[in-house]
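Okay, here's what each chain looks like letter by letter:
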Amino acid sequence: MADTTLTPGTRRAQLAEFWFYFSENRGAVIALVVFVLVLLAAIAAPILAAHGPDVQFRDALLAKPMTDTAHGHFWLGTDAVGRDILSRLLFGARYSLFVGFFVVVLALSVGVILGLLAGWFGGWVDTVIMRVMDVILAFPSLLLALVFVAVLGPGLINAMIAIAVVYQPHFARLTRAAVMGEKNKDYVMAAQVAGAGNMRLMFITVLPNCLAPLIVQGTMSFSNAILDVAALGFLGMGAQPPTPEWGTMLSEAREFILRAWWVVTFPGLAILITVLAINLMGDGLRDALDPKLKRS
Amino acid sequence: MIRFIFGKILWLIPTLIGITIVAFGFVRVLPGDPVLLMAGERGLSPERYAELTHQLGYDRPIWVQYGEFVWRVLHGDLGDSLVTHRPVLHEFLTLFPATLELGITAMLIAIVIGVPVGVIAAIKRGSWFDQVSMTTALVGYSMPIFWWGLLLIILFSGVLHWTPVSGRISLMYYFPNGTNFMIWDAIASGQKGALTSALSHLVLPAVVLATIPLAVIARQTRSAMLEVLGEDYVRTARAKGMPPRRVIGIHALRNAMIPVITTIGLQVGMLMAGAILTETIFSWPGIGKWMVDSISRRDYPSVQGGLLMIAVIVMVVNLIVDLLYGLINPRIRHR
């Protein structure tokens, strides 16, 4: 093993150990590469895309993939109003990745704070918070998100907030369980005796030791958020046309499914590849972070 | 055991109250005047407005209104739909069999394929079967099912012409006194070709709806089975010369099924979310499509009632799963 020479405990050694276990999972490494490519595509969309996402070529409606026209080569064809699908997909990557990131950050921060409070203080604080979480979890997530969007009004931002609201109970539950497991351990007691306040104990002493399950849940929520926001877009309640969001693109393409397969196929494929890559990375993360599975 | 059941049911009461608060509060936080929203009328005169406000009870304190809402719900009154003007509960119960039929079929597909695949993948860990099936499961788990449904329509309806695109049965068949369980009605009617028609309408939506539960069940069965196969008692059973089929079928499978049953139960909520998308794609006249339509038609009493009913159903199913879990795993019961 290459990492035996490093002194254990330092951040670099931890990172090396993490990479050692992560890279053992070949699928996860391939997924990481795919994810980085999607990320680069999103960042470089204005450079990579041959056309603007909203530019319509009225003389090239529903052009088949790989067609040459007066406007250039359409690798993945055009949609019903003559927009280049590849360009739209490249710009769409920005929305999907942003959506996943935003939802996870929002759900994670709210969920972690609620979970910390519930787990640390217990008693009625715990009861109230966890009962509210139970109520949110009683509804199917997509349905509750749909209703939230109906309240807030359709749109990408509202869809993201709705999804974050329905995801955060998972983070709250995980954090609470982890905190309850940690809070009676000696190191916490020691910090308490040394005079650390509640805030310090919660956020600096206990929280870092509860991170592993949260990171795994975070990747899962990242991919689920992309799927659910695309689903809302598909139902007409997420991003509104002409936004090149992948789910919204699918929704616009629905009426052409039996005439122009490419309009439907590529946006969905983009969602599938991105979500699959994130889920595969999640599997790798779990293997690398879950000490039970480590064979050392 | 009775104590265990009672405790579980008692535990649900706060959640149930929470659900009614969400359903009740949802109309109140909508943008716009709730009276206008609930009345669904335009150009109201001030007199009519006052009358409606009184009729809907909006001139009373909010907690009285909430109490009345709960009282009405407990008596099976979920209000009337703004679109059809029929009782919401009646609409729900008329459409529910369609969703139930779709959901049960999807669940059967998911269990009948998912459990054996998971078991075989675990027994033959590392084999090509394990790798292929688990990769497929991960793809299934990552699938945007609304897209998957469209792809299947393109292939089986557009190219191969094997299945119809939408609906539950061909227009040639009509069952006036039907139960709205189409398969059952088709068999009971004895009409030639009715069952084939119903099944050909059911197969694609059911496959689409089954995709994610199938992937989850296969993955969960595999990991539960792997865990059990490493236990001492399985090794003992093997060591004393028990035939492998008996070791796996009796010793391992029974214990591996405990977490799998929980997973299956948890899929019911997922199934409802999936039904929203699947029913929309295939124009399946069930609860999922009805909810989406009600939301876009701003039929708020229907949304309110549907939300309440679905949450209660999911909760009851989870309760049943919990109880089942206690039944097959005595350790839980006595905690």
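Residues numbered from 1 in each chain as written. Chains lettered and ligands numbered in written order. Predicted model: local features only at pLDDT ≥ 70, side-chain atom pairs only at ≥ 80, totals over all residues. Heavy atoms only, no water.

An unreviewed UniProt entry lists chain B under the name Peptide ABC transporter permease, with Thioclava indica given as the organism. Per its UniProt entry, chain B bears the Subcellular location (unreviewed entry) comment "Cell membrane". According to UniProt, the comment filed for chain B under the heading Sequence similarities (unreviewed entry) is "Belongs to the binding-protein-dependent transport system permease family." (UniProt positions renumbered as here; feature names shortened; annotations may be inferred.)

Q: Explanation requested: the UniProt feature "domain: ABC transmembrane type-1" (unreviewed entry) in chain B in the structure shown.
A: Following the UniProt record, one finds the feature "domain: ABC transmembrane type-1" (unreviewed entry) at residues 96–325 of chain B. Annotation note: span residues 96–325 of chain B, helix share 80%, strand share 0%, distance between end C-alpha atoms 27 Å. (Helix = DSSP H or I, 4+ residues; strand = E, 2+ residues; numbered from the N terminus.)

Q: Looking at this structure, I do not really get the side chain of Ser-294 of chain B. What am I missing?
A: Residue and element names in this part refer to chain B. Tracing the chain through its elements places Ser-294 in helix α12 (residues 287–296). Judged by relative accessible area, which is 0%, Ser-294 ranks as buried. Leave out the neighbours within four places in its chain, and Ser-294 touches Asp-299, Ser-302 and Val-303. (Buried < 20%, exposed > 50% of the residue type's maximum accessible area, 1.4 Å probe, protein only. Contact = heavy atoms within 4.5 Å.)

Q: When you look at the packing of helix α5 (residues 88–123) of chain B against helix α9 (residues 194–229) of chain B in this model, what are you seeing that I'm missing?
A: Any two packed helices are characterised by the angle at which their axes cross and by the distance between the axes. All names here are of chain B. Contact geometry for α5 and α9: axes closest at 6 Å, N-to-C directions at 35°. Here α5 and α9 pass one another in a crossing that is right-handed. Partitioning the contact of α5 with α9 into residue classes produces 26 nonpolar, five polar and one charged. (Axes fitted to C-alpha atoms, helices over the stretch in contact; angles between N-to-C directions. Left-handed = near helix turned anticlockwise from the far one by under 90°. Nonpolar A, V, L, I, M, F, W, Y, C, P; charged D, E, K, R; others polar.)

Q: I'm lost on unusual backbone geometry in this one. Help?
A: Following Pro-241 of chain A, the chain continues into Pro-242 of chain A via a peptide bond in cis, with omega recorded as 10°. When you line up the elements, Pro-242 of chain A lands in the loop between α10 (211–234) and α11 (246–253). A positive phi angle, close to 55°, is found at His-161 of chain B, a residue other than glycine. Within the secondary structure layout, His-161 of chain B lies in the loop between α7 (145–159) and α8 (182–189). The phi dihedral of Asn-180 of chain B falls on the positive side, at around 70°, and the residue is not glycine. Considering the arrangement of structural elements, one finds Asn-180 of chain B in the loop between α7 and α8. Asn-180 of chain B sits in the partly exposed class, given a relative accessible area of 23%.

Q: I keep staring at the confidence of the model for chain A and nothing clicks. Help me out?
A: Parts of the model with low pLDDT should not have their predicted coordinates read in detail. A residue-level look at chain A finds 95% of positions with pLDDT of 70 or above and a mean pLDDT of 85. Within the model, pLDDT remains below 50 along residues 1–6 of chain A, and this stretch shows six contacts once partners closer than five positions in the same chain are excluded. (pLDDT = per-residue confidence, 0-100.)

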